[in-house]
Amino acid sequence: MQPGGREQVAWFVPVTVGEVLAGFFVLDLNNTMLRWSSFQRREGTLSGCPDAGDWLSESQIIARATAAGAPGAPGKPYLSYDAAPDRIAWAVPFGARLVYVTGATSWISAEPT
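So, a few notes on the structure that sits alongside this text. (Residues numbered from 1 in each chain as written. Predicted model: local features only at pLDDT ≥ 70, side-chain atom pairs only at ≥ 80, totals over all residues. Heavy atoms only, no water.)

Quick word on the layout of surface pockets
Here comes step 1: In this model, the largest pocket occupies a volume close to 320 Å³.
Here comes step 2: Residue lining of the largest pocket: 15 residues in total, with Met1, Val9, Ala10, Trp11 and Val26 positioned closest to the centre.
Here comes step 3: Breaking the lining of the largest pocket down by element, the ones donating at least two residues are strand 1 (11-17), strand 3 (33-38) and strand 4 (78-81).
Here comes step 4: Among the elements that take part in the lining of the largest pocket, strand 4 stands out by supplying three residues, more than any other.
Here comes step 5: The class makeup of the residues in the lining of the largest pocket is 11 nonpolar, two polar and two charged. (1 Å grid on protein atoms, 1.4 Å probe; cavity = no way out; pocket = protein on both sides within 12 Å on 5 of 7 lines; lining within 4 Å. Points joined across faces, edges and corners; volume = space filled by probe spheres on them. Helix = DSSP H or I, 4+ residues; strand = E, 2+ residues; numbered from the N terminus. Nonpolar A, V, L, I, M, F, W, Y, C, P; charged D, E, K, R; others polar.)

Re unusual backbone geometry
Here comes step 1: Look at Asn31: it is not a glycine, yet its phi comes out positive at around 65 degrees.
Here comes step 2: Within the element layout of this structure, Asn31 appears in the loop between strand 2 (20-27) and strand 3.

Let's talk about the sheet that holds strand 2
Here comes step 1: Spatially, 1-2-3 is the arrangement adopted by the three strands of the open sheet, whose pairing is antiparallel. In the strand order of this sheet, the two ends are held by strand 1 and strand 3, each with one partner. Across the sheet, the mean angle from the axis of one strand to that of its neighbour is 20 degrees, orientation sign disregarded.
Here comes step 2: Pairing analysis gives five bridges linking strand 2 to strand 3, with the strands arranged antiparallel. In the sheet register, Leu27 faces strand 3, and the bridge partner there is Met33. (Pairing = 2+ DSSP bridges. Axes fitted to C-alpha atoms, helices over the stretch in contact; angles between N-to-C directions.)

A closer look at the packing of aromatic side chains
Here comes step 1: Counted by the stated rule, this structure contains six aromatic pairs.
Here comes step 2: Ring plane angle 10 degrees and centroid distance 6.3 Å describe the contact between Phe12 and Trp55, whose orientation is recorded as stacked. With Phe12 in strand 1 and Trp55 in helix 1 (residues 52-56), this pair connects stretches of sequence that are 43 residues apart. For the pair Phe12 and Trp55, one class covers both residues: buried.
Here comes step 3: Members of the aromatic cluster, joined through ring pairs, are Phe12, Phe24, Phe39 and Trp55. (Phe/Tyr/Trp six-rings, centres within 6.5 Å; stacked < 30°, edge-to-face > 60°. Buried < 20%, exposed > 50% of the residue type's maximum accessible area, 1.4 Å probe, protein only.)

Some remarks on the pattern of salt bridges
Here comes step 1: The final tally for this structure, using the stated rule, is three salt bridges.
Here comes step 2: The partner of Arg64 in a salt bridge is Asp54, with the nearest N and O atoms 2.9 Å apart. Note that Arg64 is positioned in helix 2 (residues 58-67) and Asp54 in helix 1, a separation of 10 residues in sequence.
Here comes step 3: We classify Arg64 as partly exposed; its relative accessible area is 30%.
Here comes step 4: Look at Asp54 and you get buried, because its relative accessible area is 12%.
Here comes step 5: Close ionic contact of Glu58 with Lys76 constitutes a salt bridge, the shortest N to O distance being 2.8 Å. In this pair, Glu58 sits in helix 2 while Lys76 sits in the loop between helix 2 and strand 4, placing the two residues 18 residues apart along the sequence.
Here comes step 6: On the basis of relative accessibility, which here comes to 57%, the residue Lys76 falls in the exposed class. (Salt bridge = Lys/Arg side-chain N within 4 Å of Asp/Glu carboxyl O.)

If you want it as structure tokens, here you go:
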């Protein structure tokens, strides 16, 4: 979704192996692949791949967003981006602000929604 949750712009398709996120695909709304990314550093090993829950668990995403320190209560997370569509992040509304969460990292948006 666009920041502010107003319009869908793409599909995020995670690729998990057990409890880790090995990579993902981004598809446009016509299901054409826009890009893919792999978290594997070396072929044949999943060492270094992030915990899938950091990217896919709503409760973990809300906990990371809350830890960023924005005032108020968190709203429902939605997958979005920060400034450019290539900067995929979960957006968690906190009143007029968004807190972005990507894996184990979170930050408060510079601009109100």
